Amino acid sequence: MLGLGVERLRGDMNRLLALLFHQGVLDEQFLQLQQLQDESSPNFVSEVVNIYFQESEKLLRNLRSLLMDREFSDYKKMGVHLNQFIGSSSSIGAKRVRNVCVAFRVASEQNNRLGCLRALELLEHEYCYLKNKLHELFQIEQQRLLAAAVRYPVQH
Amino acid sequence: MARNGMFSRRRRAEKVEEYDELLPLTEATHEVHVLAVDDSLVDRIVIERLLKITSCKVTTVDSGMRALKYLGLDEEESSVTIDDLKVDLIITDYCMPGMTGYDLLKKIKGSSFREVPVVIMSSENVLARIDRCLEEGAEDFLLKPVKLADVKRLKSYMFNEDRFRGEEKGMNKRKLPESSSDDSSTPTLSPSPSSLDLSSTPSPPSTSSPSSPKAFSSSLSTDSPTHSTDSSMPSSPTRRLKMISQDL
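Worth saying up front: this structure is predicted, and the values here are computed from it rather than measured.

1. Some words on the overall build of chain B
(1) Moving on: A tally of helices and strands in chain B yields 10 helices and 5 strands.
(2) Moving on: The buried share among the 248 residues of chain B stands at 50%.
(3) Moving on: For chain B, the share of sequence-separated contacts (at least 6 apart) that also reach a separation of at least 24 residues comes to 65%.

This is how it looks when you write it as structure tokens:
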């Protein structure tokens, strides 16, 4: 199965990518990242994305703890977190997450706590979806690499 | 030329100091060293990769303060000598906590590094902001997210026509037997505090060319420059601003 699965896996990857583009989850900036991956940096995309995940989860925790505070009023601080989130999402091509952050920022600028809470829930949902899908993508990629290695074993 | 290079390397063992300066003259490659400033970790990683893939040497810092410190421009360590530091380009994010990219730009333009081109990156397409930066002396303004084409274009118009700008700096003013096939104009002697960079990993010059039809730099290259010291710089910032605003 392994050696023969390479093309099927490549197809799976492309289909998943196409779906994510179609859904607006990813945009062309993600393709830019792929262009930056080569033999000298073969895991570039997954490395950057993993760092994005770490940073994003920190931001999400901060946003949630700000909003959960009953005496919350520091919308400015929330704005700072959101700007960071918007920036990093934009840099990796996470279009839907970015758009939700932008809407979130609007609610924050209006000091609209309820709007912010709703936006946060939506953001957490979008982020989860993105993370799951990208993990799936990387998994398929890993499998494809393994399958290719088996098919073309290194001769010594 | 190659003979000179070998000659100097052989003698190097014997007379290190004297022939240190000969080497770079004969090296055809000169790696561009970029200082990238951005408070976002993700963005630092991306910009570093973008620059490395276009054959630049990269140093990244996470704030304007750290950038000044790296350049030796912070007040605390004025005794630090910067003879060995060579920065060909500074690229900085605009929105940063503490010192913004604009503040950093002003500080650099008011320092001994004023000749180093500074490029601003921003996720916001605010004409007034672009205007302000260009008037303060920024070389260019990139909209985030930064793409490979942006970096290639930048490198191409800043450095490919002017590959030996670095060789002429500092100590050595000896005239080269012509080795550059790119440009017929003689490289300008731009005053710089830094010495030559003896890159240990000479990389082939980037073969990229601006692919976008909006590569206005090529159309501006015939304009007379307004920078007084450097006649090889493309064109005036405001001219470029007009082109940018047309592109937007």
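2. Some words on the UniProt feature "domain: HPt" (unreviewed entry) in chain A
(1) Moving on: Per the UniProt record, "domain: HPt" (unreviewed entry) is annotated on residues 47-127 of chain A.
(2) Moving on: The distance separating the terminal C-alpha atoms of residues 47-127 of chain A is 17 Å; by composition the span is 86% helix and 0% strand.

3. Some words on the nonpolar core
(1) Moving on: Judged by nonpolar contacts, the single largest core of 70 residues is most densely connected at Tyr52, Met78, Phe85 and Phe104 of chain A together with Ile91 of chain B.
(2) Moving on: With 12 residues, the single largest contributor to this core is helix α3 (residues 44-68) of chain A.
(3) Moving on: Beyond its immediate chain neighbours, meaning those up to four positions away, isoleucine 91 of chain B contacts Val34, Leu35, Ala36, Val37, Ile47, Leu51, Val119, Met121, Leu142 and Leu154 of chain B.
(4) Moving on: Among the nonpolar cores identified, the runner-up in size contains 25 residues, and Leu35, Val37, Leu68 and Ile120 of chain B belong to it.

4. A look at the packing of helix α5 (residues 64-71) of chain B against helix α6 (residues 101-109) of chain B
When two helices pack together, their arrangement is given by the angle between their axes and by how far apart the axes lie.
Residues and elements named next belong to chain B.
(1) Moving on: Where α5 meets α6, the closest approach of the two axes is 10 Å, and the angle between their N-to-C directions is 20°. Compared by their axis directions, α5 and α6 come out roughly parallel. Considering the relative orientation of α5 and α6, their crossing is right-handed. Listed contacts from α6 to Gly64, Ala67, Leu68 and Leu71 of α5 are Leu104, Lys107 and Ile108.
(2) Moving on: A breakdown of the residues in the contact of α5 with α6 according to their chemical character gives 5 nonpolar, 1 polar and 1 charged.

5. Describing helix α4 (residues 75-92) of chain A
All names here are of chain A.
(1) Moving on: The end-to-end C-alpha distance of α4 is 26 Å, a good match for the 26 Å that 18 residues give at a rise of 1.5 Å each.
(2) Moving on: The buried fraction of α4 is high, at 13 of 18 residues.
(3) Moving on: Once α4 finishes, glycine 93 follows within two positions and takes phi at roughly 90°, a positive value.

6. Structural notes on the environment of arginine 64 of chain A
All names here are of chain A.
(1) Moving on: With respect to the helices and strands, arginine 64 occurs in helix α3.
(2) Moving on: Sequence separation between arginine 64 and methionine 78 is 14 residues; the distance between their C-alpha atoms is 9.7 Å.
(3) Moving on: In this structure arginine 64 touches Leu120, Glu121 and Glu124, once residues within four positions along its chain are discounted.
(4) Moving on: At a separation of 2.7 Å, a polar atom in the side chain of arginine 64 contacts the side chain of glutamate 124.

About the criteria used
- Residues numbered from 1 in each chain as written.
- Chains lettered and ligands numbered in written order.
- Predicted model: local features only at pLDDT ≥ 70, side-chain atom pairs only at ≥ 80, totals over all residues.
- Heavy atoms only, no water.
- Helix = DSSP H or I, 4+ residues; strand = E, 2+ residues; numbered from the N terminus.
- Buried < 20%, exposed > 50% of the residue type's maximum accessible area, 1.4 Å probe, protein only.
- Contact = heavy atoms within 4.5 Å.
- UniProt positions renumbered as here; feature names shortened; annotations may be inferred.
- Core = buried A, V, L, I, M, F, W, Y, C linked by side-chain atoms within 4.5 Å.
- Axes fitted to C-alpha atoms, helices over the stretch in contact; angles between N-to-C directions.
- Parallel < 35°, antiparallel > 145°, perpendicular 65-115°, else oblique.
- Left-handed = near helix turned anticlockwise from the far one by under 90°.
- Nonpolar A, V, L, I, M, F, W, Y, C, P; charged D, E, K, R; others polar.
- Expected span 1.5 Å × (residues − 1).
- Polar contact = N/O pair within 3.5 Å; in protein donor to acceptor, adjacent residues only side chain to side chain.

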